[in-house]
Amino acid sequence: MKNLNFYKGKTILVTGHTGFKGSWLCTMLQMAGANVVGYALAPSAEAQLFSLSEAGSKMHSIEGDIRDLDHLQKVFQEHNPQIVFHLAAQPIVRESYNNPVYTYDTNVMGTVNVLECIRTAAGVISAVNVTTDKVYENQEWDWGYRETDPLDGYDPYSNSKSCSELVTHSYKKSFLDNMNIPVSTARAGNVIGGGDFAKDRIIPDCIRAAMAGEEIIIRNPYAIRPFQHVLEPLSAYLMIAEQQAVSAEQQGYYNVGPQESDCITVGELADLFCRIWQDGASWKNIHDGGPHEASFLKLDCSRIKSRIGWKPKWNIQKAVEKTVEWTKVYQEQGNVRACMEAQIDEFLSSNTL
């Protein structure tokens, strides 16, 4: 994937475009020359990346709630998107315990609304629903989950994303297949990268503490996660949408994760961050007895590698290095957009691992 020529001149709708992943995806699409339309809630106080990336000035940015079907349908009718990337969600596990109804309403009915718009609008040629690696019934086993394994996320966030998968499967079989509109789901692992300011995420927590000169607090250092740079899954989403638009046989349900060697513990990731950040950064283990989160999770990504030809490009060390590089630019009030574009160019021209 050396370039994004397929997207030049096409109208792309991105839900959740003001979020972390959405801001990076919109920047990639803008660099490709796409006509980008975004639909999302107003950015939260910590979601600074959308503003820092300058993405909003180069696209149609629409404030709206995916739970509002009437408004969303009007957006589809007005802009006639050809490709849809559905990223909008309530994405935090701990928040889902605090607000389960909102989490289900957003992640399940929001997906229903997006798919209903795709079904009733004219012109959509490809769609990708972004879910999570946490959709699986987690048995804490040593091998990676495959797309054929049972879906049954434990907590409200993970379970709502399992439901989002099932909704997509139903719309595909009941409507979209007959309309020749290919749709895929992509189950990505834990992403890191510059500009993630979310609460209750390991790297943003590390960055906040390091920038403040404080010791980093780690609540579950032994949990193993498939960490990867944000550009990894985004490149996968772009490849899936392009290939299934050309050939509907490429649609499906895809895991998107790093090499097995990059599935490391939270404590190992914190160690790596501290070494790269320097300036005396350190962390300590304080288990706070919080709500249940899986302790072990890996993905088998054989399907997307063999069918789509996607493979990871940056290992975990490179991913952390690029995250720190972005953060230093931000910290020094440098040109964040230029940093993002440079990292995207470097990523796209990199060889796979």
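Please refer to the structure placed before this passage.
A separate point is the overall build of the chain. Of the regular secondary structure elements, the chain holds 12 helices and 13 strands. The globule rule puts the C-alpha radius of gyration for 353 residues at 20 Å, and the 19 Å found for the chain is close to it. Oriented by its inertia axes, the alpha-carbon framework of the chain measures out at about 55 × 45 × 40 Å. Classification of the 353 residues of the chain by burial places 56% in the buried group. The contacts of the chain with a sequence gap of at least 6 include a subset with a gap of at least 24, amounting to 81%. Summed over all atoms, the accessible surface of the chain reaches about 14300 Å², with 47% contributed by carbon and sulfur.

What the rule picks out here adds up to zero disulfides. A disulfide-free cysteine, Cys-26 has its sulfur positioned 18 Å from the sulfur of Cys-339, the nearest such atom. Free of any disulfide, Cys-274 has its nearest neighbouring cysteine sulfur in Cys-206, separated by 6.2 Å.

With that out of the way, let us pick up the packing of aromatic side chains. Going through the model one piece at a time under the given rule, you end up with nine aromatic pairs. Judged by centre distance (5.1 Å) and plane angle (55°), the rings of Tyr-171 and Phe-175 are tilted. Taken together, the residues span about one helical turn, with Tyr-171 and Phe-175 both in helix α6 (residues 156-176) at a distance of four residues. Given the relative accessible area of 12%, Tyr-171 is considered buried. Given a relative accessible area of 32%, Phe-175 falls into the partly exposed group.

This part covers the sheet that holds strand β5 (residues 126-130). Across the sheet, which stays open at both edges, the seven strands sit in the order β3-β2-β1-β4-β5-β6-β11 with parallel pairing between neighbours. Every interior strand has two partners, whereas the edge strands, β3 (60-63) and β11 (253-256), have only one. Averaged over all pairs of adjacent strands, the angle between their axes in this sheet comes to 20°, without regard to strand direction. Strand direction decides the pairing type here: strand β4 (residues 83-86) and β5, joined by four bridges, are parallel. Bridge assignment links Val-84 to a residue of β5, and that residue is Ala-127. Each of β1 (11-15), β2 (35-40), β4, β5 and β6 (183-188) touches helix α1 (residues 20-31); the most contacted strand, β1, lies at about 170° to it.

Parameters at a glance
- Residues numbered from 1 in each chain as written.
- Predicted model: local features only at pLDDT ≥ 70, side-chain atom pairs only at ≥ 80, totals over all residues.
- Heavy atoms only, no water.
- Helix = DSSP H or I, 4+ residues; strand = E, 2+ residues; numbered from the N terminus.
- Rg over C-alpha atoms; globule rule 2.2 N^0.38 Å.
- Buried < 20%, exposed > 50% of the residue type's maximum accessible area, 1.4 Å probe, protein only.
- Contact = heavy atoms within 4.5 Å.
- Areas by Shrake-Rupley, 256 points an atom, 1.4 Å probe, with all protein chains shown as cover.
- Disulfide = S-S within 2.5 Å.
- Phe/Tyr/Trp six-rings, centres within 6.5 Å; stacked < 30°, edge-to-face > 60°.
- Pairing = 2+ DSSP bridges.
- Axes fitted to C-alpha atoms, helices over the stretch in contact; angles between N-to-C directions.

Shape is all these values report; function is a separate question.
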